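Listed below, chain by chain, are the residues.
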Amino acid sequence: MIKENITAIHGELPPGVKLVAVSKFHPVEAIREAYDAGQRAFGENRPQEFCRKVAEVAAWLRGRDSDTRAIPLEGVQGVTVHEVPRNEVEWHFLGHLQTNKLKLVLPHAALVESVDSQHLLDAIQDWGKANGKVIRVLLELHIGAEQTKQGFHEEEILDILFRAEKYTHVRFCGLMGMATHTDCEDDIRADFARIADFRAYLQDLFPELQDFTELSIGMSSDWRIALDYGATIVRIGTAIFGERQY
Ligand SMILES: *Cc1c(COP(=O)(O)O)cnc(C)c1O
């Protein structure tokens, strides 16, 4: 089923939209199956699990093929054959990140999608500086109605981006958000419209931030709606791997 699910989603995504397969709580076997279906970007939300899976998948790939030729990725639009070597997996971190766990995540993350506090951002800057690495991040905007959902308010993000120069070891790549968990499509659309408008506003205001292009919105239940609002990344777990066993 994983293969069919991935192929179906890739077939529906417009060019330039990246699918992140959210494999949290699922075993590495599920990631392998997704990989064999052509999936290359994976998302995890807990530092230990993230780190363990990065290592296990890397070991699997090393053991499996010394063959690193590029392969065609059927149905993966916007990716040309030669851009993705056979063994290249891209890991996204998308959960709450405590600053004492940075070393588990930052060496391996292609993108930290869930930067949700000034404190975390400062710690990422310090870690990047100390380790000679520039960390690609999305700022998480609080858009859902839930009180519990993490994320910045608009004015906090503005405040950060006015000081963007200070973050020499952080690359601001865009916004991430989670819509209200509801069956009411109008509410979901309102949440997505808000984050899409805000990204456009920020791009106008800060043209010097050339990498500020990503809009990571859309999960299993609402990713098709997210496409209407210019999602560049969709993060899909359940609709690929099935229900999670917590
Ligand atoms: C778990 C998770 C997802 C995927 O959720 P599904 O509803 O299973 O698709 C997407 N984004 C974040 C931030 C998550 O934590």
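These lines cover the structure that appears in this document, whether it is placed above or below. This is a predicted model, so every value here is computed, not measured.

The rules we used
Per chain, residues are indexed from 1 in the order of the written sequence. The predicted origin of the model limits local features to residues at a pLDDT of at least 70 and limits the giving and counting of side-chain atom pairs to 80 or more, whereas totals for whole chains, interfaces and linings rest on all residues. Values shown for side chains rest on all heavy atoms present in the structure; no hydrogens or waters enter the calculation. Comment: elements are numbered from the N terminus, with helices defined as DSSP H or I runs of at least four residues and strands as E runs of at least two. Radius of gyration means the value over C-alpha atoms here, while the globule rule gives 2.2 Å times the residue count to the 0.38 power. A simple rule labels every residue: compare its accessible area, found with a 1.4 Å probe on the protein chains alone, to the largest value its type can have, and call it buried under 20%, exposed over 50%, or partly exposed in between. Contacts were defined at the residue level, with two residues in contact if any of their heavy atoms lie within 4.5 Å. Under this rule, positive means Lys or Arg and negative means Asp or Glu; His and the chain ends count for nothing. Taken as the charge location is NZ of Lys, CZ of Arg, CG of Asp or CD of Glu. The arc refers to the directions leading from the helix axis to the C-beta atoms. By this definition, two strands are paired if DSSP reports at least two bridges between them.

### Section: the overall build of the protein chain
No. 1: Within the protein chain one finds nine helices and eight strands.
No. 2: Radius of gyration (C-alpha) of the protein chain: 18 Å, near the 18 Å computed for a compact globule of 246 residues.
No. 3: Here the C-alpha coordinates of the protein chain stretch approximately 50 × 45 × 35 Å along the principal axes.
No. 4: Counting only residues that meet the buried cut, the protein chain has 49% of its 246 residues in that class.
No. 5: Long-range pairs, those at least 24 residues apart, make up 66% of the contacts in the protein chain between residues at least 6 apart in sequence.
No. 6: Charged side chains of the protein chain number 27 positive and 38 negative; the gap between the two group centres comes to 7 Å.

### Things to note about helix 2 (residues 28–36)
No. 1: Turning to helix 2, its buried residues are Val28, Ala30, Ile31, Ala34 and Tyr35. Buried residues of helix 2, seen end-on, are gathered within an arc of 155 degrees and therefore sit on one face of the element.
No. 2: Contact partners of the buried residues in helix 2: helix 1 (2–12), strand 2 (41–44), helix 3 (47–64), strand 3 (90–93) and helix 9 (238–241).
No. 3: Gly38 sits one or two positions beyond helix 2 and adopts a positive phi of about 100 degrees.

### Points about the pairing of strand 2
No. 1: Side chains of strand 2 alternate between two faces, with Ala41 and Gly43 and Phe42 and Glu44 buried alike.
No. 2: Pairing of strand 1 (residues 18–22) with strand 2 involves two bridges; the strand directions are parallel. Paired with Ala21 across the strands is Phe42, a residue of strand 2.
No. 3: Note that strand 2 and strand 3 share four bridges and pair parallel. Across the sheet, Glu44 pairs through a bridge with Phe93, a residue of strand 3.

In short, the description is geometric, and any link to function would need to be established separately.
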